[in-house]
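One-letter residues, chain by chain:
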Amino acid sequence: MDLTYTPEEEEFRARLRDWLAGALPALPPRPSPGDWPARRAYDLGWQRRLYDAGYAGLHWPVDAGGQGATPTQHLIYLEETEKAGAPYVGANFVGLLHAGPTIASEGDAGQRARWLPPVLRGEEVWCQGFSEPGAGSDLAALRTRAWRDGDDYVVSGSKIWTSHAEVADWCELLVRTDPDAPRHRGITWLAMPMDAPGITVRPLRTLAGSTEFAEVFLDEVRVPVTHRVGAENDGWRVTMVTLSYERGTAFVGEVVACRRVLAEVAREARKNGRWDDAVLRRRLGRLNAEFRALWRLTQWNVGEAQRTGGVPGVGGSVFKLRYSHARQELYDAAAEALGPESLDAGREWTLDRLSSLSYTIAAGTSQIQRNIVAERILGLPRGR
């Protein structure tokens, strides 16, 4: 893999920096973390600015409404926007990084025309309806039912940890359409409108006090058959496309953020005298090497996705596994560098530390990632 940048790529970086320098000061103040309607409006407003400037869906295929940028340009974009302190995707997370790429890969022409442009323009928000109370890491155990009734599916069941459900327009929903089929079959991927009758959303409060997740209860919700992405009972394969994006590319911007936080932790330690602790210095040095390696792995994964048709491969599981633990270690080190101040709920790192605890669970637990690495990369036999 060539890790050098061409003159054209450096020109792209310079143009992006110039645009960010003008766009960011014009943004309104960030809303309160707990005000999700305001955060939705803020995040959609930023997405619209990206769209108008030609940066929306930068790495999406041109025929899906994107810019068709190279993997290297995409990484430059992620690196520069994070360094500049630009807003993260926020409420647009599922639409831009999960549902959108899945529809671009698996949807028909009508579905792509209906759902992709509003995501790119910052007009609609998606949530993810995968996990259930009895089907989290073991996603194939899901029990939410959907049965065919004319031109509709009728859906009943419940979902949990549904990201951004309270402010979403659409839900990427997994349902069981053939209860007699083997566990990994008989599953279908649907796009469900969140304003359909029969949907009840109950926000969940996390350890950090936020409510970006919710329980969703479905009582005979009617979803048109035309909202099915992929064939009926082929939802597991479609879902693997979604999860490969979630594990392969959805976290790459956060690696840059972690490198920035690491530099801030080192500055804090120097300022408060804890830099004299040789054990802490070694820990920060090892984390610096860890995140540099993760950035190189990111480059490799995104480049591999481009070479194989745009869908990230199982290398995303290697990245997700190591990144989840490295992020937790980073905020443990931040607490060590801050000392008693790390208990101050008003400190940004305090909330980030609480949030980091979820990363070894979200997007597939570390145990699931180890199984994927063992079986699909190392070729080890399946466990019994």
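Before any of the text, the structure's been laid out above.
Residues numbered from 1 in each chain as written. Predicted model: local features only at pLDDT ≥ 70, side-chain atom pairs only at ≥ 80, totals over all residues. Heavy atoms only, no water.

Peer 1: Please clarify how the overall build of the protein chain should be interpreted in this entry.
Peer 2: Counting its secondary structure elements, the protein chain contains 11 helices and eight strands. Partitioning the intrachain contacts of the protein chain with sequence separation of at least 6 by distance along the chain shows that 72% fall at a separation of at least 24. (Helix = DSSP H or I, 4+ residues; strand = E, 2+ residues; numbered from the N terminus. Contact = heavy atoms within 4.5 Å.)

Peer 1: Help me out: how do you make sense of the pattern of salt bridges in this one?
Peer 2: Pairs can form between side chains of opposite charge once their charged atoms are near each other. For the structure on display, the rule yields 24 salt bridges. With a closest N to O distance of 3.3 Å, Arg13 and Glu10 form a salt bridge. Of this pair, Arg13 and Glu10 are both found in helix α1 (residues 7–23), three residues apart, which corresponds to roughly one turn of the helix. Exposure remark for Glu10: the relative accessible area of 36% places this residue in the partly exposed category. Between Glu264 and Arg260 there is a salt bridge, with its nearest N and O atoms 3.2 Å apart. One end of the pair, Glu264, and the other, Arg260, are both in helix α7 (residues 252–272), four residues apart, so they sit about a helical turn from each other. Judged by relative accessible area, which is 23%, Glu264 ranks as partly exposed. Several salt bridges converge on common partners, so that one network encompasses Glu10, Arg13, Arg17, Glu79, Glu80 and Lys83. (Salt bridge = Lys/Arg side-chain N within 4 Å of Asp/Glu carboxyl O. Buried < 20%, exposed > 50% of the residue type's maximum accessible area, 1.4 Å probe, protein only.)

Peer 1: I'm lost on helix α2 (residues 36–53) in this one. Help?
Peer 2: Because an α-helix packs 3.6 residues into every turn, residues spaced three or four apart end up facing the same way. With 18 residues, α2 ought to run about 26 Å at 1.5 Å a step, and its terminal C-alpha atoms sit 26 Å apart, in line with that. As for α2, its buried residues are in contact with α1, α3 (71–83), α4 (93–106) and α5 (109–121). One or two steps after α2, the chain reaches Gly54, where phi turns positive at roughly 85°. (Expected span 1.5 Å × (residues − 1).)

Peer 1: So what exactly am I meant to see when it comes to the packing of α2 against α5 here?
Peer 2: Each pair of packed helices can be summarised by the angle the axes make with each other and by the distance between the axes. Contact pair α2 / α5: the axes reach a minimum separation of 7 Å and the direction vectors enclose 100°. The orientation of α2 relative to α5 falls into the category roughly perpendicular. Along the contact surface, α2 presents Gln47, Arg48 and Tyr51, while α5 presents Val119, Leu120 and Arg121. By residue class, the composition of the contact of α2 with α5 is three nonpolar, one polar and two charged. (Axes fitted to C-alpha atoms, helices over the stretch in contact; angles between N-to-C directions. Parallel < 35°, antiparallel > 145°, perpendicular 65-115°, else oblique. Nonpolar A, V, L, I, M, F, W, Y, C, P; charged D, E, K, R; others polar.)

Peer 1: Help me out: how do you make sense of the packing of aromatic side chains in this one?
Peer 2: Given two aromatic rings, their pairing is described by the distance between the two centres and the angle made by the two planes. Following the criterion strictly, the structure yields nine aromatic pairs and no others. Residues Trp19 and Tyr55 carry aromatic rings whose centres are separated by 5.3 Å and whose planes lie at 50° to one another, so their mutual orientation is tilted. Note that Trp19 is positioned in helix α1 and Tyr55 in the loop between α2 and α3, a separation of 36 residues in sequence. Look at Trp19 and you get partly exposed, because its relative accessible area is 21%. Between the aromatic rings of Trp161 and Phe213, the centroid separation amounts to 5.9 Å while the plane-to-plane angle is 90°, which identifies the pairing as edge-to-face. Taken together, the positions of Trp161 in the loop between β3 (152–159) and β4 (170–176) and Phe213 in strand β7 (residues 213–224) put the pair 52 residues apart, joining distant regions of the chain. (Phe/Tyr/Trp six-rings, centres within 6.5 Å; stacked < 30°, edge-to-face > 60°.)

Peer 1: Can you help me understand the pairing of β4 in this one?
Peer 2: In the case of a regular strand, side chains alternate between the two sheet surfaces. Across the seven residues of β4, seven count as buried, placing the element largely inside the fold. Judged by which residues are buried, β4 turns out to be covered on both faces: Trp170, Glu172, Leu174 and Arg176 on one side and Cys171, Leu173 and Val175 on the other are all buried. Where strand β1 (residues 126–129) lies against β4, four bridges are found, and the strand directions are parallel. Of the residues in β4, the one forming a bridge with Trp126 is Trp170. (Pairing = 2+ DSSP bridges.)

Peer 1: What is the right way to look at α4 in this model?
Peer 2: Compared with the 20 Å implied by 1.5 Å per residue over 14 residues, the 19 Å span of α4 between its first and last C-alpha is a close match. At Ala99, α4 shows its largest bend, some 40°, and a proline, Pro101, comes one to four positions later. Burial runs high along α4: 12 of the 14 residues are buried. Those residues of α4 that sit buried are Phe93, Val94, Gly95, Leu96, Leu97, His98, Ala99, Gly100, Pro101, Thr102, Ile103 and Ala104. (Bend = angle between axes of the 7 residues up to and from the residue.)

Peer 1: Where do I start with the nonpolar core in this structure?
Peer 2: Buried together is how nonpolar side chains tend to be arranged in soluble globular proteins. Ranked by internal contacts, the top residues of the largest apolar core, which has 39 residues, are Trp46, Tyr77 and Phe291. Those elements giving two or more residues to this core turn out to be α1, α2, α3, α7, α8 (278–307) and α9 (315–338). Counting 28 residues, the second-largest nonpolar core is a separate cluster that includes Val89, Phe93, Leu142 and Leu174. (Core = buried A, V, L, I, M, F, W, Y, C linked by side-chain atoms within 4.5 Å.)

Peer 1: Would you explain the pairing of β7 in this entry?
Peer 2: Where β3 lies against β7, seven bridges are found, and the strand directions are antiparallel. Across the sheet, the residue bridging to Val155 is Val221, located in β7. As defined by bridge partners, strand β6 (residues 199–204) adjoins β7 across six bridges and the pair is classed as antiparallel. Directly across from Thr200, in β7, lies its bridge partner Phe217.

Peer 1: Looking at this structure, how should I read unusual backbone geometry?
Peer 2: Phi at Trp161 takes a positive value of approximately 60°, unusual for a residue other than glycine. We classify Trp161 as partly exposed; its relative accessible area is 48%.

Peer 1: Teacher, can you tell me more about the environment of Gln47 here?
Peer 2: Assignment of secondary structure puts Gln47 in helix α2. Spatially, the C-alpha atom of Gln47 lies 8.7 Å from that of Glu123, the residues being 76 residues apart in sequence. Among residues more than four places away in sequence, those in contact with Gln47 are Ala56, Asn92, Leu96, Val119, Leu120, Arg121 and Gly122.

Peer 1: What is the right way to look at the side chain of Glu80 in this model?
Peer 2: When you line up the elements, Glu80 lands in helix α3. Reaching out from Glu80, the side chain makes a polar contact with the side chain of Arg17 at a distance of 2.8 Å. Discounting chain neighbours no more than four positions away, the residues touching Glu80 are Arg13, Leu16, Arg17 and Leu20. (Polar contact = N/O pair within 3.5 Å; in protein donor to acceptor, adjacent residues only side chain to side chain.)

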